[in-house]
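# A closer look at the structure
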Amino acid sequence: MKMRKNIIWMMALAPVFFAGCETISSLGIAKPAARMTDLKFENVKLDSATLLFDIEVDNPYSVALPLTNLDYGLASGAEPFLKGNADLQTTIPAKSKKTVSLPANINYLDMLKALKGIKPGSKIPYQADLGLSVNAPVLGLIRLPLKKEGDIVLPAVSDIDVKDLWDIIKTK
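Described in the following lines is the structure provided in the data block. (Residues numbered from 1 in each chain as written. Predicted model: local features only at pLDDT ≥ 70, side-chain atom pairs only at ≥ 80, totals over all residues. Heavy atoms only, no water.)

### Thoughts on the overall build of the protein chain
If you tally the helices and strands in the protein chain, you get four helices and seven strands. Written out in order from the N terminus, the α and β elements of the protein chain read α-α-β-β-β-β-β-α-β-β-α. Taking all 172 residues of the protein chain together, the buried fraction comes to 33%. For the protein chain, the share of sequence-separated contacts (at least 6 apart) that also reach a separation of at least 24 residues comes to 66%. Carbon and sulfur atoms provide 57% of the accessible area of the protein chain, an area that totals close to 10,800 Å². (Helix = DSSP H or I, 4+ residues; strand = E, 2+ residues; numbered from the N terminus. Buried < 20%, exposed > 50% of the residue type's maximum accessible area, 1.4 Å probe, protein only. Contact = heavy atoms within 4.5 Å. Areas by Shrake-Rupley, 256 points an atom, 1.4 Å probe, with all protein chains shown as cover.)

Here it is as structure tokens:
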């Protein structure tokens, strides 16, 4: 009975011991690594755009590594202009390093309003603060923090479709 009680306590406290990066490293448990390599726009319309975060992920495990969520925040100077998260459904093959383009759908018009006076076609500096959540074997769900600074050109909406414009007006 005492042995069973000790096992239950050990199982209950295990997440506490595995919570910190230092503990994981000291136990010799491999942890995946990630870094953001690029940021770009795709499918830009007046009311929407896709922001693609190119992220290189290193999977040290002998099984595929599922990517589950990407939370992001972008700022220019001290002014934050975009924040959100995107559910992911992709995996990194076992024992490999792969760059994936992770999409986030945004409201392009709202983003331009938040940038206060910056016009499409302008090049702006940005600071990205991201968190890539992965479902790691043994460790479970972990968040890999990522930071990157760079410049991005805000694309101009060149193909304004009358139907798209009408749909935007109708919904407001």
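Next comes the rest of the write-up.
### Regarding unusual backbone geometry
You will see that Asn43, though not glycine, has its phi angle at about 50 degrees, which is positive. Along the chain, Asn43 falls in the loop between β1 (33-42) and β2 (49-59). Residue classification places Asn43 among the exposed positions, given a relative accessible area of 54%.

### Section: the sheet that holds β2
Strand order in the open sheet formed by three strands is β1-β2-β5, with antiparallel pairing between adjacent strands. The strands lining the two open edges of the sheet, one partner per strand, are β1 and β5 (96-106). Across the sheet, the mean angle separating the axes of adjacent strands is 20 degrees when strand polarity is ignored. The sheet contact formed by β1 and β2 spans nine bridges and is antiparallel. (Pairing = 2+ DSSP bridges. Axes fitted to C-alpha atoms, helices over the stretch in contact; angles between N-to-C directions.)

### Observations regarding the packing of aromatic side chains
Inspection of the entire model under this criterion finds two aromatic pairs. A centroid spacing of 5.8 Å and a plane angle of 80 degrees characterise the contact between Phe41 and Tyr108, whose relative ring orientation is edge-to-face. A residue pair is termed long-range when its members are at least 10 positions apart, and Phe41 in strand β1 and Tyr108 in helix α3 (residues 108-114) qualify at 67 residues. Of the two residues, Phe41 and Tyr108, neither departs from the other in class, the shared state being buried. Taking the centre distance of 5.3 Å and the plane angle of 40 degrees together, the rings of Phe53 and Tyr72 count as tilted. Of the two residues, Phe53 is situated in strand β2 and Tyr72 in strand β3 (residues 65-76); the sequence distance between them amounts to 19 residues. (Phe/Tyr/Trp six-rings, centres within 6.5 Å; stacked < 30°, edge-to-face > 60°.)

### Looking at the side chain of Ser76
In this fold, Ser76 is placed in strand β3. Judged by its relative accessible area of 16%, Ser76 is buried. Here the side chain of Ser76 touches Pro125 through a polar contact of 2.7 Å, landing on its backbone oxygen. Sequence-distant contacts of Ser76, that is, excluding residues within four places in its chain, are made with Phe81, Ile124, Pro125 and Gln127. (Polar contact = N/O pair within 3.5 Å; in protein donor to acceptor, adjacent residues only side chain to side chain.)

### Section: the sheet that holds strand β4 (residues 79-92)
Taken in spatial order, the four strands of this open sheet run β4-β3-β6-β7, and their pairing is antiparallel. Lying at the two open borders of the sheet, with one neighbouring strand each, are β4 and β7 (140-153). In this sheet, adjacent strand axes meet at a mean angle of 15 degrees when their direction is disregarded. As paired elements, β3 and strand β6 (residues 123-136) share eight bridges and run antiparallel to each other. Residue pairing across strands places Leu70 opposite Leu132, the latter belonging to β6.

Keep in mind these values describe shape, not function.
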